[in-house]
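For reference, the chains in residue letters:
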Amino acid sequence: MKDIKKALILISPIFVGLGALFFGAYSIDPHLVGKILINEIIHLSDLKDTPEKAIVLDIRLPRVLLSATVGAYLSGSGVVLQAVFRNPLVDPFILGISAGAAFGCSITIGFLSFFPIQIMAFLFSLVAVFSAYIIAKTGGDVSRLSLVLSGVVVSAFFTALVSIVKFLVDPHKLQSIVYWLMGSFSLSNWRYFKISLLGLPAIFPLFLMRWRLNIISMGDEEAKALGIDVKKERIIFILLSSFLAAIATSICGIIGWIGLMVPHLVRMIVGPDHRDLFPLSLTFGASFMIAADTFSRTITRFDIPVGIITALSGAPFFVYLMRKTKREVWSA
Amino acid sequence: MGILQRRWKDIFRRSKIQLLVFLLIGKICLASSLVVKDKRGKKIKVSVPVRRAVIVISYELIPALNIWDQVVGVSSWANDVCGIYRAFVHMRRDLKKEEVGAGISLNIEQILKLNPDLIITWDYNRESIRFLEEKGLKVIAIYPESIKELYDVIRMQGKIFGKEKRAERVIGEMEKIFGLIRKRVKGIRKRKKVIHLGGKPTRVSCGIGLTDEIIRLIGGINPAGVIKKRYADVSIERIIKWNPDVIFIWGAAGYDEKWIYGNSQFRFINAVKKRRVFKLPEWSTWSPRLSLIALYMAKKTYPDVFSDIDFEKVADRFYRSVFGISFFEVEKYERH
């Protein structure tokens, strides 16, 4: 039964993603959507460049792929960081990534409009992570507690800087900053999707090292006894997962909740073994984000911020699973 | 008896004088205070004419109503984005007002230091308004969402600053331009679909607010008007579905028509195909300049109907009449 569940979660992004391509504000005959997609894969005939074709291939498809990638990155990052910090409340933004990215975005919109927002958001999210690490290191050992605390400090610092920028800029720019911070896939295109693929080099090592998360999450002493260089590996895990979260945040803004919730949902379904938990969190996160985004862009005439949908839909599901499982799944 | 009669007459005469004095004082008292109902629906009793006002928003009414000497503070936005304010302040340094923070984050200490007898701000930051009121300050919150409401704001400010006639003249000048537009677009049979994009290319002005009214006034149809909100984020495919003939971009947006033309996702939209995407001037809509924004939009939407109208000439005449400064002079101080 569990294997079926695992298989379903694993392949879910394909079905959810394909399904999402049939929904949107512009009514397109499902047959035509199918024809456009099949023709794109096996090139049966030369389809004219119509609005329908442009919507399916240039608007919906990159949006679905981008939301899947971002969902996977945030969930994957969340599951790794929860294991490394041995804390179920940790999310991908624990080390100040969101605040750093927000600052990068703010100063770009406010004062450096010639610079791409995504690059600055990415750079500052990495600056935030490294700052948190350096602050944690000043006390000697880089412990989990010192990292969490330095993350809080860095977040507070960058949040204050964002507030200063928001105070200084004119109302028009202020509005742009606020939109960006809300997080959205509304401007998804192929270029953003290609940029998002920069996260793949971080996914592969995490995938190969995922079994080590089981050991690290047992505690430092046990991990050391089993021959793991805890400090070194913890840093590698933190950097790789932060890199994923930074990529995701720099492309589509701050989308909260998913990186915290999806690892728990998957853990409740398949158990705490990170060999399964990590890849299944990636695919479940992808499916969840595609579904949430599709819902956010189709339920009303206007787009509802996707973060609201992830929270509203995820919370009841979370409660349901918690009641159903009725057991402690937070340990390997 | 005679003495008694005389006393009664005397008392009566004195009472009449006292009554007259009382009525006069009463009249003076009534004339010097005014009850204003603001956007929150709150009634505020103001002693008029106001002598020390802080104007957080609607600062373009300072030159329009010529109330420079009755204003002690403005939002920093006046100096950041308002070309008219900047032009005046550049010409006469003594006109520069104290800045009381940005529109949404007010420097309350600075406001208190100025000891204003009235603060005009927008209806956004209720916490700040409450705080200021708790300190005994009078606050009028505004948020005009229609031309009528904008006129009400201008009239209200005319009354509280003792500039009623000037306010009426400003409204009259605005009406002249609106009237011209209404007259010209009256006969248009095939109305164009017009949308207004905001801070990002998927944020549209919807069915509530001045922009929607202006689109209707210029003879356009706002497809986003069916959404009963001020603004909304929509998907690009929703915009393709609406297929507007003309797209206007908010003047302060961080992108321009080139960005829209260069984005292949927009290529099937009529406005893009026919190169009818225009970035608006970076002017406030809570200002007499709203009428000029409308004229600009009308001219771009129906170029044939307004082909004989020289926008800059009309704008210059309007600026001179309303603000007392040349349009071309102000242009030097506008952000482009």
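A. View of the overall build of chain A. Each helix and strand counted, chain A has 15 helices and zero strands in total. Relative to the compact-globule value of 20 Å for 332 residues, chain A shows a C-alpha radius of gyration of 20 Å, a close match. The principal-axis extent of the C-alpha atoms belonging to chain A is close to 65 × 60 × 35 Å. Burial analysis of chain A (332 residues in total) assigns 52% to the buried set. Contacts in chain A between residues at least 24 apart in sequence constitute 76% of all its contacts with a sequence separation of at least 6.

B. Highlighting the overall build of chain B. Counting its regular elements, chain B contains 15 helices and 13 strands. Each of the 336 residues in chain B was classed as buried or not, and the buried ones make up 44%. Sequence separation of 24 or more characterises 61% of the internal contacts of chain B that already satisfy a separation of 6 or more.

C. Seen up close, the pairing of strand S6 (residues 118–122) of chain B. Residue and element names in this part refer to chain B. A large share of S6 lies buried, amounting to four of its five residues. Of the pairings in the sheet, the one linking strand S3 (residues 53–55) to S6 comprises three bridges and is parallel in character. Bridging from a neighbouring strand, Ile-55 pairs with Ile-120 of S6. Handedness of the β-α-β unit built from S6, helix H6 (residues 126–134) and strand S7 (residues 139–142) comes out right-handed.

D. The arrangement of the sheet that holds strand S4 (residues 71–74) of chain B in detail. All names here are of chain B. Spatially, five strands are ordered S5-S4-S3-S6-S7 in an open sheet, and the strand pairing comes out parallel. Both outer strands of the open sheet, strand S5 (98–99) and S7, are each paired with one neighbouring strand and no more. Across four bridges, the pairing between S6 and S7 is parallel. Each bridged residue has a counterpart across the sheet, and for Trp-122 the counterpart in S7 is Ile-142.

E. Representation of the interface of chain B and chain A. In this complex, chain B contributes 28 residues to the contact, which on the side of chain A involves 25 residues. Among the secondary structure elements, those contributing two or more residues to the side of chain B that touches chain A are helix H3 (76–81), strand S11 (231–233) and helix H10 (236–242) of chain B. Among the elements that take part in the side of chain B that touches chain A, H10 of chain B stands out by supplying five residues, more than any other. Class assignment for the residues of the side of chain B that touches chain A results in twelve nonpolar, eight polar and eight charged.

F. A look at the environment of Ser-250 of chain A. Residues and elements named next belong to chain A. Mapped onto the elements of the fold, Ser-250 is located in helix H12 (residues 230–252). On a C-alpha basis, the gap between Ser-250 and Gly-183 in space is 9.7 Å, while along the polypeptide they are 67 residues apart. Look past the residues within four positions of Ser-250 in its chain and what remains in contact with it is Ala-101, Gln-118, Ala-121, Phe-122 and Ser-125.

G. View of the domain arrangement of chain B. All names here are of chain B. Each domain of chain B was delimited in the assignment, giving domain 1 (31–162) and domain 2 (171–331). A C-alpha centroid distance of 27 Å is found between domain 1 and domain 2. Taken together, the contacts link 18 residues of domain 1 with 18 residues of domain 2. Those elements that place two or more of their residues in the side of domain 1 that touches domain 2 are helix H2 (61–65), helix H4 (83–91) and helix H7 (147–160). Classifying every residue of the side of domain 1 that touches domain 2 by side-chain character gives 13 nonpolar, three polar and two charged.

H. Spatial organisation of unusual backbone geometry. Backbone torsion omega between Val-48 of chain B and Pro-49 of chain B reads -5 degrees, so that peptide bond is classified as cis. By the element assignment, Pro-49 of chain B lies in the loop between strand S2 (43–47) and S3. Phi at Trp-257 of chain A is positive, roughly 80 degrees, even though this residue is not glycine. Take Trp-257 of chain A: it is sitting in the loop between H12 and helix H13 (258–270). Assessed through the 22 C-beta atoms surrounding it within 10 Å, Trp-257 of chain A is described here as buried.

I. A look at helix H9 (residues 210–217) of chain B. Residue and element names in this part refer to chain B. The buried fraction of H9 is high, at six of eight residues. Among all positions of H9, only Leu-210, Thr-211, Asp-212, Glu-213, Ile-214 and Ile-215 are buried. In the core, the buried residues of H9 are packed alongside H7, strand S8 (192–197), strand S9 (203–205), strand S10 (220–221) and helix H13 (290–301). The first or second residue beyond H9 is Gly-219, which carries a positive phi of 85 degrees.

J. Here's a closer look at the environment of Asp-212 of chain B. Residue and element names in this part refer to chain B. Within the secondary structure layout, Asp-212 lies in helix H9. A tally of 23 C-beta atoms within 10 Å means that Asp-212 is categorised as buried. Each C-alpha atom of the pair Asp-212 and Arg-230 lies 8.7 Å from the other, and the pair is 18 residues apart in sequence. Those residues within four positions of Asp-212 in sequence are excluded, and the remaining contacts are Ser-205, Cys-206, Gly-207, Asn-222 and Gly-225.

K. The arrangement of helix H14 (residues 311–322) of chain B in detail. Residues and elements named next belong to chain B. Helix length check: H14 (twelve residues) gives 16 Å between terminal C-alpha atoms against 16 Å at 1.5 Å per residue, within 8%. Turning to H14, its buried residues are Val-314, Ala-315, Phe-318, Tyr-319 and Val-322. In a view along the axis of H14, the buried residues occupy a sector of 135 degrees, so they form one face of it. Of the exposed residues in H14, the ones pointing more than 90 degrees away from its buried face are Glu-312 and Lys-313. Buried positions along H14 lie against H2, helix H8 (164–185), H13 and helix H15 (327–331). Two residues or fewer after H14 comes Gly-324, characterised by a positive phi angle close to 75 degrees.

L. How the structure looks around the packing of helix H3 (residues 51–85) of chain A against H13 of chain A. All names here are of chain A. Two numbers describe how H3 lies on H13: the axes approach to 7 Å, and their chain directions differ by 70 degrees. By the angle between their axes, H3 is roughly perpendicular relative to H13. On H13, the residues that touch Gly-71, Leu-74, Ser-75, Ser-77, Gly-78, Val-79 and Gln-82 of H3 are Ile-258, Gly-259, Leu-260, Val-262 and Pro-263.

M. Molecular detail of the confidence of the model for chain B. Residues and elements named next belong to chain B. With 90% of its residues at a pLDDT of 70 or more, chain B shows a mean pLDDT of 90. Counted against residues more than four places away or in other chains, residues 20–30, with its pLDDT under 50, gives zero contacts. Here the predicted complex carries an ipTM of 0.78, next to a pTM of 0.81.

N. Molecular detail of the environment of Lys-183 of chain B. On the secondary structure map, Lys-183 of chain B appears in helix H8. C-alpha of Lys-183 of chain B to C-alpha of Ile-218 of chain B: the two residues are 35 residues apart in sequence and 9.8 Å apart in space.

O. Broad picture of the packing of helix H4 (residues 97–110) of chain A against helix H5 (residues 117–137) of chain A. All names here are of chain A. Orientation of H4 relative to H5, taken along the N-to-C sense of each, is 140 degrees, at an axis distance of 7 Å. Taken together, the axes of H4 and H5 lie oblique to each other. As H4 runs across H5, the sense of the crossing is right-handed. Touching Ile-97, Ala-99, Gly-100, Ala-101, Phe-103, Gly-104, Cys-105, Ile-107, Thr-108 and Ile-109 of H4 are Ile-117, Met-120, Ala-121, Leu-123, Phe-124, Ser-125, Val-127, Ala-128 and Val-129, all from H5.

P. Expanded view of the pairing of S4 of chain B. Residues and elements named next belong to chain B. Direction of pairing for S3 relative to S4: parallel, over a ladder of three bridges. Across the sheet, residue Ala-53 finds its bridge partner in S4, namely Val-71. As paired elements, S4 and S5 share two bridges and run parallel to each other. Each bridged residue has a counterpart across the sheet, and for Val-74 the counterpart in S5 is Glu-99.

The rules we used
Residues numbered from 1 in each chain as written. Chains lettered and ligands numbered in written order. Predicted model: local features only at pLDDT ≥ 70, side-chain atom pairs only at ≥ 80, totals over all residues. Helix = DSSP H or I, 4+ residues; strand = E, 2+ residues; numbered from the N terminus. Rg over C-alpha atoms; globule rule 2.2 N^0.38 Å. Buried ≥ 20, exposed ≤ 12 C-beta atoms within 10 Å, placed from the backbone. Contact = placed C-beta atoms within 7 Å. Pairing = 2+ DSSP bridges. Right-handed = clockwise from strand over helix to strand, strands pointing away. Nonpolar A, V, L, I, M, F, W, Y, C, P; charged D, E, K, R; others polar. Domains from an automatic or database assignment. Expected span 1.5 Å × (residues − 1). Arc of directions from axis to C-beta. Axes fitted to C-alpha atoms, helices over the stretch in contact; angles between N-to-C directions. Parallel < 35°, antiparallel > 145°, perpendicular 65-115°, else oblique. pLDDT = per-residue confidence, 0-100. Left-handed = near helix turned anticlockwise from the far one by under 90°.

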